[in-house]
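What follows is the residue order along each chain.
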Amino acid sequence: MFHMLNHATFKAALFMSAGIVDHEARTRDVCRLGGLLRLMPVSSVLAILAAGSMAGLPLLNGFLSKEMMLEATAGTDIGGIPYLVPALATLAAVFSVAYSARMAIHTYFGPVRDDYPHHPHDPPVGMWGPIAVLVALVVAIGLAPTLAGPVVARTSMAVIGTDALPYYSLAIWHGLTPALFMSALAFAVGAIMLKGYEGLSRWHASLPRPDAKRMFDAAVSGLIAVSRVVTHRLHTGSLQQYMAVILVTVVAVGSTAFLAAFQVGSHALGGRETLPANLPAIAVWGVLMATCAAVVVVHRNRLLTLILTSVAGLVVSLAFLQFSAPDLALTQISVEVVTTILLLLALNLMPRRSEAVESLRRRLGGGLIAVVAGAGVGALSYAVMTRDIASISQYHLEQSRPGGGGTNVVNVILVDFRGFDTFGEIIVLGIAALSIAAMLHSALRGASARRLDAMRPGMESADAHPLLLVVATRVLLPLALTVGVYIFLRGHNEPGGGFIAGLIVAIALIMQYLASGYSWAASRARLDARGMIGAGILIAGMTGIGALIFDAPFLSTSYDYFHLPLIGEFELATAMAFDLGVFLTVVGTVLLALVEIARIERRAERERVPEGPMDVLLHSDDDRAPKAASSERNEV
């Protein structure tokens, strides 16, 4: 720290001195300078003192820090060679003396020249005044090094994090030490190098000089070429290849850990008692296995594959119910419904069947990766579930009511104990939705729209908006919204919460678009999907900031009980505001995806899309529906 302080003073003074020389003489070329001490004495004296400190002249602060550094290297060895580090430190000091002396002598001493690019003289005090302040510190610390003691001590203690510092001595004279002899040797050799500078300069000029710019350009060109090759090999646009690389990497890392643990004999079956498998569980497991096998057989049929894969989500929901987790089961089934509907809409823009993988090698390789990865995940799950491990779950169960004010442990974990994770997840969800919408926007026109039009199947529904479905969805909409509000309000103490409520409301709104058409639904909606995402994240963030105002950690929740006539006692928690942010983000994300798919569907149509239910204009103001739908708004 002492050397950093000294280095900052003399080096900053030298930088500003170089600026003064350039300003006055219009050049910084040492070969075109000399004799400036007579023409600009004040600036020259300041620069010479700073250069002397950089060289390590006694009675200047650079001498003190250099002596301390040389003393530290004198007792250091590397690889059992005791003199290597001291020799290198002395060599560095030699060059420091040589270039400092050359800069001072060749710039400021010698006869005055008559071929300066501009006649130099001392600048105003506003230019050399700051240098004088720094040089004053150079001289003051050099004469009285204890002046820097308090600053060095406080800074060093802050860096090493302790109140006790190792021994050090800030003094001008430390006796005849190895550092003093190393410094004297550096001055002697540096003076010799300065004396023979012209010969050394001619010898240096005779050496071959590599062109640094050409070397830099060649290095950059080589890196670009390598990057292009790597990019073309990795970014092939094949999702199958990307998944293969990810899974192979995961399997390789997991296998390495498995083999390392196997060598020390740490693999053993867990001692935790397992639950007996009842008949319904075995039957559901058999359905899941049959479905997975069917997906492998009919994977080229996109629609059938989507329907079969949704069975896996249904089985997971049943598993949650089996293990008394209705909150998770409700979330899982809601996610399955939303994703299935959105994927069905997206599949309408794609060919019915995917391209066949003709290569037997690729099919066998993909099958091998799938089997190994699946077996690894299964074995890992079995190992975790059959071992007695320390878990934070008991803490969550005990503190859910007193700490979070709710009896629904899952919801309290999401909005309180791990609220920061949930906050990050809704941010990622919003970013993903906006990114997908931005990418899909390119499919509204041009080559992308024409390609989608060519891929779509030729059959179209004769009745785009069946009247029975239209009436049913409109009647059920208020009921679905009521259920969503109910699920939202009860989520802190019963199965529910903002995420599930958002999915329920999103399903209700999706059904309006499916039944009555994009034009009809969009012309009557007044909420912007992007605005809902932004508002949800903002509300969740402001909930966390509100905790900081009351000197609580970010996203800490508080709750209390209130009493109203006719209603009775009820609880209000700040977590409800956070849950509202989750609700808005989920609804906005789903509707934004729905709107973008619908807009692409309209632009990719070869024929006119039915604008309303049964193509019957029920009200005179419906005439404005096509206009609203054809606009570029992203309202939902």
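Residues numbered from 1 in each chain as written. Predicted model: local features only at pLDDT ≥ 70, side-chain atom pairs only at ≥ 80, totals over all residues. Heavy atoms only, no water.

S.K.: Is there a simple way to think about the overall build of the protein chain in this case?
M.R.: The secondary structure content of the protein chain amounts to 25 helices and 2 strands. Taking 636 residues into account, the globule formula puts the C-alpha radius of gyration at 26 Å, and the protein chain, at 38 Å, lies well above it. For the protein chain, the spread of C-alpha atoms along the three principal axes comes to 105 × 70 × 60 Å. Relative to its 636 residues, the protein chain shows a buried fraction of 32%. As displayed, the protein chain has an accessible area near 37800 Å², and 70% of this comes from carbon and sulfur atoms. The distance from the centre of the 44 positive side-chain charges to the centre of the 44 negative ones in the protein chain is 11 Å. (Helix = DSSP H or I, 4+ residues; strand = E, 2+ residues; numbered from the N terminus. Rg over C-alpha atoms; globule rule 2.2 N^0.38 Å. Buried < 20%, exposed > 50% of the residue type's maximum accessible area, 1.4 Å probe, protein only. Areas by Shrake-Rupley, 256 points an atom, 1.4 Å probe, with all protein chains shown as cover. Lys, Arg positive; Asp, Glu negative; His and termini not counted. Charge placed at Lys NZ, Arg CZ, Asp CG, Glu CD.)

S.K.: For this particular structure, what's the right way to read helix H12 (residues 279-297)?
M.R.: It helps to recall that an α-helix has 3.6 residues per turn; residues three or four apart then point in one direction. Look at H12: 27 Å from first C-alpha to last across 19 residues, which is about the 27 Å you get at 1.5 Å a residue. Capping of H12 at its N-terminal end is provided by Asn278; its side-chain oxygen lies 2.9 Å from the backbone amide nitrogen of Ala281. (Expected span 1.5 Å × (residues − 1). Polar contact = N/O pair within 3.5 Å; in protein donor to acceptor, adjacent residues only side chain to side chain.)

S.K.: Sorry if this is basic, but what is going on with the side chain of Thr589 here?
M.R.: Looking at the secondary structure, you find Thr589 in helix H24 (residues 575-604). On the basis of relative accessible area, Thr589 is assigned to the buried category, the value being 12%.

S.K.: Looking at this structure, I do not really get unusual backbone geometry. What am I missing?
M.R.: Negative phi characterises most residues that are not glycine, and trans characterises most peptide bonds. Located in the positive-phi region is Leu59, a residue other than glycine, with phi close to 70°. Looking at the secondary structure, you find Leu59 in the loop between helix H3 (41-55) and helix H4 (61-74). Unlike most non-glycine residues, Ser324 shows phi in positive territory, near 60°. On the secondary structure map, Ser324 appears in the loop between helix H13 (302-322) and helix H14 (326-347).

S.K.: Which parts of the structure should I look at to understand the pairing of strand E1 (residues 559-564)?
M.R.: Here is the key point about a regular strand: its side chains alternate between the two faces of the sheet. Bridge count between E1 and strand E2 (residues 568-573): 6 bridges; the pairing is antiparallel. Within the sheet, the bridge partner assigned to Leu564 lies in E2 and is Gly568. (Pairing = 2+ DSSP bridges.)

S.K.: For this particular structure, what's the right way to read helix H21 (residues 498-516)?
M.R.: Relative to the 27 Å expected for 19 residues at 1.5 Å per residue, H21 spans 27 Å between its end C-alpha atoms, a close match to the ideal helical length. Summarising burial for H21: 15 of the 19 residues are buried, a large majority. Gly517 sits one or two positions beyond H21 and adopts a positive phi of about 95°.

S.K.: Which parts of the structure should I look at to understand the packing of helix H20 (residues 467-490) against H21?
M.R.: For any two helices packed against each other, one specifies the inter-axial angle together with the distance between the axes. Where H20 meets H21, the axes come as close as 9 Å, and the angle between the chain directions of the two elements is 170°. Taken together, the axes of H20 and H21 lie roughly antiparallel to each other. Between H20 and H21, the residues in contact are Leu469, Val470, Thr473, Arg474, Leu477, Ala480, Leu481, Val483, Gly484, Ile487 and Phe488 and Gly498, Ile500, Ala501, Ile504, Val505, Ala508, Leu509, Met511, Gln512, Ala515 and Ser516, respectively. (Axes fitted to C-alpha atoms, helices over the stretch in contact; angles between N-to-C directions. Parallel < 35°, antiparallel > 145°, perpendicular 65-115°, else oblique. Contact = heavy atoms within 4.5 Å.)

S.K.: So what exactly am I meant to see when it comes to empty space enclosed by the protein here?
M.R.: If you walk through the whole model with that rule in mind, you get 3 cavities of 30 Å³ or more. Empty space within the largest cavity amounts to approximately 80 Å³. Looking at the largest cavity, the residues that line it are Phe63, Leu64, Glu67, Met68, Ala171, Ile172, Trp173, His174, Gly175, Thr177 and Leu180. Take the lining of the largest cavity: its biggest share by element is 4 residues, from H4. Here the lining of the largest cavity is built from residues that sort into 7 nonpolar, 3 polar and 1 charged. Empty space within the second largest cavity amounts to approximately 40 Å³. (1 Å grid on protein atoms, 1.4 Å probe; cavity = no way out; pocket = protein on both sides within 12 Å on 5 of 7 lines; lining within 4 Å. Points joined across faces, edges and corners; volume = space filled by probe spheres on them. Nonpolar A, V, L, I, M, F, W, Y, C, P; charged D, E, K, R; others polar.)

S.K.: What am I meant to see in the packing of aromatic side chains here?
M.R.: Aromatic rings considered in pairs are described by the distance between their centres and by the relative angle of their planes. Scanning all chains against the criterion turns up 6 aromatic pairs. An angle of 75° between the planes, with centres 5.9 Å apart, marks the rings of Phe420 and Phe554 as edge-to-face. Taken together, the residues Phe420 in helix H18 (residues 419-441) and Phe554 in the loop between helix H23 (529-549) and E1 connect sequence positions 134 residues apart. Their ring planes at 35° and their centres at 6.2 Å tell us that Phe562 and Phe570 sit as a pair that is tilted. Among the aromatic residues, those joined into a ring-pair cluster are Phe420, Phe423 and Phe554. (Phe/Tyr/Trp six-rings, centres within 6.5 Å; stacked < 30°, edge-to-face > 60°.)

S.K.: Would you take a moment to explain the pattern of salt bridges for this structure?
M.R.: Opposite charge on two side chains permits pairing when their charged atoms draw close. Tallied over the full model, the rule gives 5 salt bridges. The partner of Arg113 in a salt bridge is Asp115, with the nearest N and O atoms 3.0 Å apart. (Salt bridge = Lys/Arg side-chain N within 4 Å of Asp/Glu carboxyl O.)

S.K.: Hey, could you run me through the nonpolar core in this one?
M.R.: Side chains that are nonpolar tend, in soluble globular proteins, to be buried together. Of all hydrophobic cores here, the largest spans 43 residues; its most connected members are Val338, Ile510, Tyr513, Phe578 and Phe583. Broken down by secondary-structure element, the contributors of at least two residues to this core are H14, H18, H20, H21, helix H22 (518-524), H23 and H24. In terms of nonpolar packing, the next biggest core, distinct from the first, is built from 22 residues, Leu14, Leu33, Met40 and Val135 among them. (Core = buried A, V, L, I, M, F, W, Y, C linked by side-chain atoms within 4.5 Å.)

S.K.: Quick question: what am I supposed to make of the packing of H13 against H14 here?
M.R.: Orientation of H13 relative to H14, taken along the N-to-C sense of each, is 170°, at an axis distance of 8 Å. The angle between H13 and H14 places the two elements in the roughly antiparallel class. Contact residues: Arg302, Leu303, Leu306, Ser310, Gly313, Leu314, Val316, Ser317, Phe320 and Leu321 in H13; Pro326, Leu328, Ala329, Gln332, Ile333, Glu336, Thr340, Leu343, Leu344 and Leu347 in H14. Here the contact of H13 with H14 is built from residues that sort into 13 nonpolar, 5 polar and 2 charged.

S.K.: Mind showing me how you'd approach the environment of Thr274 here?
M.R.: Assignment of secondary structure puts Thr274 in the loop between helix H11 (239-263) and H12. In this structure Thr274 comes out as exposed when scored by relative accessible area, which is 51%. Taking the C-alpha atoms as reference points, Thr274 and Gly406, 132 residues apart in sequence, are found 31 Å from one another.

S.K.: So what exactly am I meant to see when it comes to the environment of Ala188 here?
M.R.: Among the secondary structure elements, Ala188 is positioned in helix H8 (residues 178-195). Since its relative accessible area comes to 39%, Ala188 is described here as partly exposed. For the pair Ala188 and Val94, spaced 94 residues apart in the sequence, the C-alpha separation amounts to 8.2 Å.

S.K.: How should the confidence of the model for the protein chain be read in this particular structure?
M.R.: Keep in mind that low pLDDT regions are not for reading the predicted coordinates in detail. Confidence in the prediction of the protein chain, expressed as mean pLDDT, is 84, and 90% of residues score 70 or more. Per-element mean pLDDT across the protein chain ranges from 41 in helix H25 (residues 625-630) up to 93 in H3. Throughout residues 604-609 the model reports pLDDT below 50, and contacts reaching past four residues in sequence, or to other chains, amount to 12 contacts. In the model, residues 614-636 has pLDDT below 50 throughout and makes 47 contacts with residues more than four positions away in sequence or in other chains. (pLDDT = per-residue confidence, 0-100.)

S.K.: Could you clarify how one ought to interpret the environment of Glu273 in this entry?
M.R.: Here Glu273 shows up in the loop between H11 and H12. Judged by relative accessible area, which is 75%, Glu273 ranks as exposed.

S.K.: Teacher, can you tell me more about the side chain of Gln512 here?
M.R.: Looking at where Gln512 falls in the secondary structure, it is placed in helix H21. What makes Gln512 buried here is its relative accessible area of 6%. In contact with Gln512, other than residues within four places in its own chain, are Thr473, Arg474, Leu477, Gly517, Trp520 and Ala521.

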